[in-house]
Amino acid sequence: MKSLLRRCVNCGEYTLSKDKCPRCGGAVRVPHPPKFSPEDKYQKYRILQKLLMGK
Ligand SMILES: [Zn+2]
């Protein structure tokens, strides 16, 4: 599913407008899709380790 959400490059406002920001009139872009950071990955291992250590 493609997101219709855009983000203003000027003020950072999220909008559904395709051409310009309704707030400041700045250019809008499709925001980068959220990615899992390495920290999240490590946190997953930490939680797993905690569970294993707890037993
Ligand atoms: Zn804006």
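Residues numbered from 1 in each chain as written. Predicted model: local features only at pLDDT ≥ 70, side-chain atom pairs only at ≥ 80, totals over all residues. Heavy atoms only, no water.

A.B. asks: Would you take a moment to explain the coordination of the zinc ion for this structure?
C.D. replies: Octahedral six-donor coordination of a metal ideally yields angles of 90 or 180 degrees, compared with 109.5 degrees for tetrahedral four-donor coordination. Surrounding the zinc ion are the protein donor atoms Cys8 (SG), Cys11 (SG), Cys21 (SG) and Cys24 (SG), at 2.2 to 2.4 Å. The site at the zinc ion holds four donor atoms, and with the angles between them running 103 to 117 degrees, its shape is tetrahedral. (Donors = N, O, S within 2.8 Å, 3.2 Å for Na, K, Ca; no water. Tetrahedral: all angles 85-135°; square planar, octahedral: opposite > 155°, others 65-115°.)

A.B. asks: Which parts of the structure should I look at to understand the sheet that holds strand β3 (residues 28–29)?
C.D. replies: To summarise the sheet geometry, strands pair through backbone hydrogen bonds and adopt either a parallel or an antiparallel arrangement. Taken together, the three strands give an open sheet; going across it, the order is β2-β1-β3, and neighbouring strands pair in antiparallel fashion. Both outer strands of the open sheet, β2 (14–15) and β3, are each paired with one neighbouring strand and no more. Relative to β3, strand β1 (residues 6–8) runs antiparallel, the two sharing two bridges. When the bridges of β3 are listed, Arg7 appears paired with Arg29. (Pairing = 2+ DSSP bridges. Helix = DSSP H or I, 4+ residues; strand = E, 2+ residues; numbered from the N terminus.)

A.B. asks: I tried to follow the environment of Val30 on my own but got confused; where do I start?
C.D. replies: Considering the arrangement of structural elements, one finds Val30 in the loop between β3 and α1 (38–53). Here the alpha-carbon distance between Val30 and Thr15, two residues 15 residues apart in the chain, equals 9.8 Å. Those residues in contact with Val30 that lie beyond four places of it in its chain are Leu5 and Arg6. (Contact = heavy atoms within 4.5 Å.)

A.B. asks: Which parts of the structure should I look at to understand α1?
C.D. replies: Residues lying three or four places apart along an α-helix face the same way, a consequence of the helix completing one turn every 3.6 residues. In this model α1 runs 22 Å from its N-terminal to its C-terminal C-alpha over 16 residues, within 8% of the 22 Å that 1.5 Å per residue would give. Along α1, only zero of the 16 residues are buried, which leaves the element largely exposed. (Expected span 1.5 Å × (residues − 1). Buried < 20%, exposed > 50% of the residue type's maximum accessible area, 1.4 Å probe, protein only.)

A.B. asks: Looking at this structure, how should I read a nonpolar patch on the surface?
C.D. replies: Side chains of Tyr42, Tyr45, Ile47, Leu48, Leu51 and Leu52 sit close together on the surface and give an oily, nonpolar patch of about 710 Å² of accessible area. The topology assignment puts Tyr42 in helix α1. (Patch = residues over 30% accessible without salt bridge, like charges linked within 9 Å, V, L, I, M, F, W, Y side chains within 5 Å. Areas by Shrake-Rupley, 256 points an atom, 1.4 Å probe, with all protein chains shown as cover. Salt bridge = Lys/Arg side-chain N within 4 Å of Asp/Glu carboxyl O.)

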